[in-house]
Amino acid sequence: MGLDELIRNCQKDDRKAQEQLYRLFVNKLFTVCLKYSRNYEEAQDNLQEGFIIIFNKISQFNFKGSFEGWAKRVMINHTLQQYRQVSFLEVLNENIPDEIEIEIENESVSMDFLMKIIQELPDRYRLVFNLYVLDGYSHKEIATMLDISEGTSKSNLARARIILKGKIDEFSDSFDNKKYNS
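The paragraphs below set out a description of the structure included in this document.

Calculation criteria
- Residues numbered from 1 in each chain as written.
- Predicted model: local features only at pLDDT ≥ 70, side-chain atom pairs only at ≥ 80, totals over all residues.
- Heavy atoms only, no water.
- Helix = DSSP H or I, 4+ residues; strand = E, 2+ residues; numbered from the N terminus.
- Buried < 20%, exposed > 50% of the residue type's maximum accessible area, 1.4 Å probe, protein only.
- Contact = heavy atoms within 4.5 Å.
- Areas by Shrake-Rupley, 256 points an atom, 1.4 Å probe, with all protein chains shown as cover.
- Salt bridge = Lys/Arg side-chain N within 4 Å of Asp/Glu carboxyl O.
- Phe/Tyr/Trp six-rings, centres within 6.5 Å; stacked < 30°, edge-to-face > 60°.
- Lys NZ or Arg CZ within 6 Å of the ring centre and 35° of its normal.
- Core = buried A, V, L, I, M, F, W, Y, C linked by side-chain atoms within 4.5 Å.
- Axes fitted to C-alpha atoms, helices over the stretch in contact; angles between N-to-C directions.
- Parallel < 35°, antiparallel > 145°, perpendicular 65-115°, else oblique.
- Left-handed = near helix turned anticlockwise from the far one by under 90°.
- Nonpolar A, V, L, I, M, F, W, Y, C, P; charged D, E, K, R; others polar.

What follows is about the overall build of the protein. Helix and strand counts for the protein come out as 8 helices and 0 strands. The order of helices and strands in the protein, counted from the N terminus, is α-α-α-α-α-α-α-α. In the protein, which comprises 182 residues, the share counted as buried stands at 41%. Partitioning the contacts of the protein with sequence separation of at least 6, the portion at a separation of at least 24 is 70%. If you sum the accessible surface of the protein, you get close to 10800 Å²; carbon and sulfur atoms cover 47% of it.

This is how it looks when you write it as structure tokens:
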């Protein structure tokens, strides 16, 4: 059964088709949930609730564009919905440079470590960082999605980069010290 047929069957509330669709996309969509959730357990909850929304709204999918992209957007929107009403997304007016580059000179920094320190970011910074850097949204789009100003989006991104750079530098320094002391 092709993806289009599977989606059409899901639109008819076919439980077996829903299970197949779930199995087909669960890993990719769980990765999305992990990026935007505070921890693993919250990501699991967001995944399950997100799939319920996908199945409830699957009739809105019009077969224009990729289903995966549509489902990913549903998951992101669901996860962000939890944060929209909370004032934590605002930051004080800080003088922070717009673009802070993070250079990883130490090849021992693993993807697992990077994902771990991104998840440790405060919510407001993690959400903006993921939307901008990992998913390619503009500050204007992020501002709309999170109901914040573009300036706040830029500031949150800059703060996230500062924190990440500090953690990477700290890790690199401790790695270099271990290497030289061995």
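Enumeration according to the criterion identifies 10 salt bridges in this entry. Among the ionic pairs, Lys 35 bridges to Asp 135, the shortest N-O distance being 2.8 Å. Of this pair, Lys 35 sits in helix 2 (residues 15–36) while Asp 135 sits in the loop between helix 6 (123–134) and helix 7 (139–146), placing them 100 residues apart in sequence. Lys 35 sits in the buried class, given a relative accessible area of 12%. Asp 135 is paired through a salt bridge with Lys 72; the nearest N and O atoms lie 3.0 Å apart. Residue Asp 135 is found in the loop between helix 6 and helix 7, and its partner Lys 72 is found in helix 4 (residues 67–84); the two are separated by 63 residues along the sequence.

Another aspect to go through is the packing of aromatic side chains. The tally for this structure, following the rule as stated, stands at 9 aromatic pairs. Taken together, the ring pairs in this structure connect Phe 25, Phe 61, Phe 63, Phe 67 and Trp 70 into an aromatic cluster. The ring of Phe 63 is capped by Arg 8, whose NZ or CZ atom sits 4.3 Å from the centre of that ring. Positioned above the aromatic ring of Tyr 125 is the side chain of Arg 124, whose terminal nitrogen or guanidinium carbon lies 4.8 Å from the ring centre.

Its location among the elements puts Ile 7 in helix 1 (residues 3–11). Looking at Ile 7, the relative accessible area reads 0%, which means it is buried. In this structure, the C-alpha to C-alpha distance between Ile 7 and Phe 63, residues 56 residues apart in sequence, is 9.1 Å.

Although it is not a glycine, Phe 63 adopts a positive phi angle of roughly 65°. Structurally, Phe 63 can be placed in the loop between helix 3 (40–57) and helix 4. Unlike most non-glycine residues, Asp 147 shows phi in positive territory, near 60°. With respect to the helices and strands, the residue Asp 147 is situated in the loop between helix 7 and helix 8 (150–181). A residue is classified by how much of its surface remains accessible, and Asp 147, at 59% relative accessible area, is exposed.

As a further point, take the side chain of Asn 130. Mapped onto the elements of the fold, Asn 130 is located in helix 6. Not counting residues within four places of it along the chain, the set of residues in contact with Asn 130 comprises Lys 35, Tyr 36, Ile 118 and Asp 135.

In this section: the nonpolar core. Core analysis: the biggest nonpolar cluster contains 48 residues, and Leu 21, Ile 54, Phe 67 and Leu 131 have the highest contact counts within it. For this core, the elements supplying multiple residues, two or more each, are helix 1, helix 2, helix 3, helix 4, helix 5 (111–119), helix 6, helix 7 and helix 8. Ignoring sequence-local partners within four residues, the contact set of Leu 21 consists of Leu 3, Leu 6, Ile 7, Cys 10, Phe 55, Ile 58 and Phe 67.

Take the packing of helix 6 against helix 7 next. Close contact between helix 6 and helix 7 brings their axes to 10 Å; oriented N to C, the two are set at 140°. Between helix 6 and helix 7, the angle is such that the two are oblique. Between helix 6 and helix 7 the crossing geometry is right-handed. Here helix 6 contributes Leu 127, Val 128, Leu 131 and Tyr 132 to the contact with helix 7, which in turn contributes His 139, Ile 142, Met 145 and Leu 146. Class assignment for the residues of the contact of helix 6 with helix 7 results in 7 nonpolar, 1 polar and no charged.

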